[in-house]
Amino acid sequence: MSMMFQPPGVPAHDYGVRQLLGFGHGDDPFFARVRGEQVSILYRQSRIYLPVMVLNFGLLTLELGDHPRAGLHMAWMAATIALSLIWYGRSGRNPQPLARRSIRGFWVSSAEMGICGVMWAAMLVLLVPEASTAQRELLLMLSFVTVSSIGFAAATMPLAAIASVSLITLTSLALQPFVSVALLVAEITQWFTVVVGVLLSSRAMFARLRGQTELLERTAVVQLLLKEFETNGTDWLLEVSKTGHITHITARFAEALGRPADDVIGQHFLKVMGADKIGEAAVTELREAFQAQRPFRELVVPAMVGEDMRWWSLSATPKIGADGLFAGLRGIARDITDLRRGEERIARLARFDPLTGLANRALFRETLDEALAAAGRPRCALLFLDLDRFKQVNDSMGHGAGDKLLVAVAERMRALFAGRPDARPDARATLARLGGDEFAVIMPGASSRTVAARASALVAALAQPFQIDGQQVMIGGSVGWSMMPADGRSSEDLLKAADLALYEAKAAGRGVALRYDDGMRVRAEVRRQLESALPGAIARGELSLDFQPIVAADDERVVCFEALCRWNHPQLGHVTPDRFIPVAEESGLILEIGQWVINEACRQAASWPESVGVAVNVSPAQMEDPRLVDVVAAALARHGLAPHRLELEITERLFLEETAETVGRLTALNALGIRFVLDDFGTGYSSLGYLKKAVFSRIKIDRSFVARASEDGEATAIIDAIVRLADRLDMTTTAEGAETRAEFESCRDLGCARAQGYLFGKPMPPAEAQSLAWRSAAPTSPPPASPPPATPAAIAG
């Protein structure tokens, strides 16, 4: 940046002799200032030089009284005194440096100095030959004085000074027959010293003025930037004394404090930020940095502004006083409250369920592992809770009522499992929502009797009516629980045992709490009949797909359908996915079913317009299948479907037991051109670190947020945070479960690119989906006929 302040063509610290002598300056303002400084120095220093000259002539007058040419000497003395008086008068009128000096004025002053040298040299030529020895010695001695005086007075005007002293010295050399050789050698040595001194003094003056010019221009730029910063910047400037009292703040800082700047000046900074309200622990690091007199950067501290808790980011460096000692701090501050709260919301999404505020599955699993690994703890209990008749509430009263019911359930759980205030943190119960209407409780150190009593009390509490939207709602809950070490010593053992116990509790008629026993494993075999029917379901044509439309938020045009698997068994009837998919995952049949779903979805999508894609849910078990990439590639090739039209929806559960093979398959699918969608974001694991691993193109915002988008400020803030996060990761967002126009428009205004829900269509058979796809795409040619159902042989082939 220093190059910005250099005069054109002049290096900052390297001046040529030509420029030092006064040539090549042109119209450059910098050299005009240099000339002004040179002449000003000449005038100031002539106030010392001129009296010396007058004194010299006075001595000569006394000594040369009998000289044959004494009359000429008096005339020369009168001329020199006249010139001296002119300079003296100028120096009196111009005691300060001249800001500018014209080239003509500079050379006039240089010529005047040269005249002094000429006059003295002429006097030597005329007087020395006829002078006595004493008079010669006096003339030569005064020549020494004159050369030194000229070198001093014209030290920054090198051409005039060098010319004058050189002329006097040369004249002395020419008069060698009349003077001592020793005196001449001394004068030559003096000439060399004066010339070098003049050049060095001029160079030093140039460098000094260069530094001053750069400093002035930099100061002007800094002042301009500071003014702009204080006027329009989002940060604040402040200074505090060595005692911590505020000595300067910007108007924006005062506005942020809601107080006049004059009221803040002089107060201690810790008092202004409300250290007495937020506690000393919160400002310990700031206090230590101040006491250590060290700089700090982006130190985040809380501050109380009125009754509002704010967060400030502070950066400061020490101020050093004129005595070289610490004089305080100078720095900047900015309010990062919105950023901090946004980060806290995002961080909370990663570990807590946003609807109920309970731990999510990731935090639950982490807490369980820690509880089982804690040294010296003899026991730990795990409870699984599943709500009864929750689906009926959702279907009859809507998802909004269902969400309120989940919140009410969480509140009853908190009231029931609230520990003693004096209990150790690691001995308190941890409550978690695992997703949907599934909850869990970890009770470290509890006895089996205590756990049994709490489990029964939980069932009884949930059997009491809830008031939701002015209506009395009756549900219930089933609890299955297990104990360490009796039912297992690892997390996996306890989870499986509690899950089996929960299944038994639900199978027993719900509304009960059961502890795991070994007989449950035997009874679990009964479920095998469901597993055995699944493979035949594909061959018998019992599986089918429904399609729910996904629309673009800007024009509500259908851009995709989500494929939803259905199973209609002759004896079992319509088996919902939440019943047969878990069984299929446990038995491994999900791989065969998943292959059929991918193939059938691609087959149906091939009959849709090119602008409409299809989304298929993929379970973690499928992602562990080494054949998955080949299955997807074969389905695309078989039906001629472009890879970018296929989206695979993945839940965050996939990443709990992530392996290198799983990551490899995600990478291979991405290389094919397949797009990934993160489903149900925020309700389960909310593991933000996983978002980039599968190169997701979209995030599905869970309906628990969407349903409250038009009426809940917190839900709006969370959706906004997720959309911003997606934007930073180059992803789009889909608002899932939009049931009303208000919900949809709120999500669209927040930046959601797509929407899905009953507002735009319920899951529909393939023929209806095909018709809707072509109507939405406004085709120029009639849609093709619906493809015939795929046979197992065709899928396998």
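The structure presented is a predicted model; accordingly, all values stated were derived computationally and were not measured.

Before going further, it helps to examine the overall build of the chain. Along the chain, the regular secondary structure elements total 30 helices and 21 strands. By the burial criterion, 49% of the 797 residues in the chain qualify as buried. Once local pairs closer than 6 in sequence are excluded, the contacts in the chain between residues at least 24 apart make up 67%.

This next bit is on the sheet that holds strand S3 (residues 296-305). Spatially, five strands are ordered S2-S1-S5-S4-S3 in an open sheet, and the strand pairing comes out antiparallel. Every other strand in the sheet has two partners, leaving strand S2 (246-249) and S3 as the edge strands with one partner each. With strand direction ignored, the average angle separating the axes of adjacent strands in the sheet is 30 degrees. Pairing between strand S1 (residues 236-241) and S2: three bridges, direction antiparallel. Counted as the bridge partner of Glu-239 is His-248 from S2. Along the sheet face, helix H12 (residues 284-291) touches S1, S3, strand S4 (308-320) and strand S5 (326-335) and points at about 130 degrees away from the line of S3. In the packing of helix H13 (residues 337-351) onto the sheet, the strands contacted are S3, S4 and S5, and the crossing angle to S4 comes to about 120 degrees.

Turning our eyes to something else, we now look at the packing of helix H24 (residues 628-639) against helix H25 (residues 660-672). Viewed as axis vectors pointing N to C, H24 and H25 meet at an angle of 15 degrees, and their least axial separation amounts to 9 Å. Judged by the angle between their axes, H24 and H25 are roughly parallel. The way H24 lies across H25 gives a crossing that is right-handed. Contacts between H24 and H25 pair Leu-628, Val-629, Val-632 and Ala-633 from the former with Arg-665, Ala-668, Leu-669 and Leu-672 from the latter. Across the contact of H24 with H25, the residue classes break down as seven nonpolar, no polar and one charged.

Within this structure, the stated rule accounts for one cavity of 30 Å³ or more. In this structure, the largest cavity occupies an estimated 70 Å³ of space. Lining of the largest cavity is provided by Leu-591, Gly-594, Gln-595, Ile-598, Gln-622, Asp-625, Arg-627, Leu-628 and Val-631. Of all the secondary structure elements, the ones that give two or more residues to the lining of the largest cavity are helix H22 (590-605) and H24. Of all the elements, H22 adds the most residues to the lining of the largest cavity, at four residues.

Another point: the confidence of the model for the chain. Per-residue confidence for the chain gives a mean pLDDT of 80; residues scoring 70 or more make up 83%. Contacts for the low-pLDDT stretch residues 1-14, under 50 throughout, to residues beyond four places or in other chains number 22 contacts. Scored below 50 in pLDDT, residues 95-99 shows 13 contacts in the model against residues more than four places distant or in partner chains.

So, on to the packing of aromatic side chains. One pass over the full model with this rule turns up nine aromatic pairs. Seen in terms of ring centroids, Phe-364 and Phe-384 are 6.4 Å apart; in terms of plane orientation they differ by 50 degrees. Their pairing is tilted. In this pair, Phe-364 sits in helix H14 (residues 361-373) while Phe-384 sits in strand S6 (residues 380-388), placing the two residues 20 residues apart along the sequence. Judged by relative accessible area, Phe-364 falls into the buried class, the value being 3%. Ring centres of Phe-676 and Phe-696 lie 6.5 Å apart, and the angle between their planes is 80 degrees; this geometry places the pair in the edge-to-face category. Of this pair, Phe-676 sits in strand S18 (residues 675-681) while Phe-696 sits in strand S19 (residues 696-701), and the two are 20 residues apart along the sequence. The two residues Phe-676 and Phe-696 agree in class, both being buried. A cation sits over an aromatic face here: Arg-340 above Trp-311, 3.8 Å from the ring centre. Its guanidinium or amino end placed over the ring of Phe-466, Arg-412 lies 3.5 Å from that ring's centre, counting from NZ or CZ.

This part covers helix H15 (residues 390-397). One turn of an α-helix holds 3.6 residues; hence residues three or four places apart share an orientation. Those residues of H15 that fall on the buried side of the exposure criterion are Phe-390, Val-393 and Asn-394. Within H15, the buried residues cover an arc of 95 degrees as seen down the axis, which keeps them to one side. The exposed set on the far side of H15, more than 90 degrees from its buried face, consists of Lys-391, Asp-395 and Ser-396. Residues of H15 that are buried in the fold lie against S6, helix H16 (399-417), strand S10 (471-473) and helix H26 (703-706). One or two positions beyond H15, positive phi appears at Gly-398, with a value near 100 degrees.

Rules used in this analysis
In every chain, residue numbers begin from 1 and rise along the written sequence. Local features in this predicted model are restricted to residues of pLDDT 70 or higher, and side-chain atom pairs are both shown and tallied only at a pLDDT of 80 or more, whereas totals for entire chains, interfaces and linings draw on every residue. Computation of side-chain values covers all heavy atoms of the structure but excludes hydrogens and water. Counting from the N terminus, the helices are the DSSP runs of H or I reaching at least four residues and the strands are the DSSP runs of E reaching at least two. Only protein chains enter the calculation, and the probe is 1.4 Å; a residue is then buried if its accessible area is under 20% of its type maximum, exposed if over 50%, and partly exposed in between. In this description, contact between two residues means that some pair of their heavy atoms is separated by no more than 4.5 Å. Being paired, for any two strands, means DSSP has found at least two bridges between them. Only the contacting stretch of a helix is used when fitting its axis, a line to C-alpha atoms as for every element, and angles between N-to-C directions run 0 to 180 degrees. The cut-offs work like this: below 35 degrees is roughly parallel, past 145 is roughly antiparallel, 65 to 115 is roughly perpendicular, and the gaps in between are oblique. Working rule for handedness: look at the near helix, and if it is turned counterclockwise from the far one by less than a right angle, call the crossing left-handed; if clockwise, right-handed. Three classes are used: nonpolar for Ala, Val, Leu, Ile, Met, Phe, Trp, Tyr, Cys and Pro, charged for Asp, Glu, Lys and Arg, and polar for all others, with Gly counted as polar. Throughout, the protein atoms alone are placed on a 1 Å grid, and a set of points is a cavity if a 1.4 Å probe fits but cannot get out or a pocket if it is open with protein on both sides within 12 Å along at least five of seven lines; lining residues have an atom within 4 Å of a point. Grid points are joined across faces, edges and corners, and a volume is the space filled by probe spheres set on the points. A score between 0 and 100, pLDDT records how confident the predictor is in each residue. We call Phe, Tyr and Trp rings a pair once their centres come within 6.5 Å, taking the six-membered ring for Trp, and we label the pair stacked below 30 degrees between planes, edge-to-face above 60, and tilted otherwise. A positively charged side chain is recorded as over a ring if its NZ (Lys) or CZ (Arg) lies within 6 Å of the ring centre. The angle to the ring normal must also be within 35 degrees. The arc in question is the one spanned by the directions pointing from the helix axis to the C-beta atoms.

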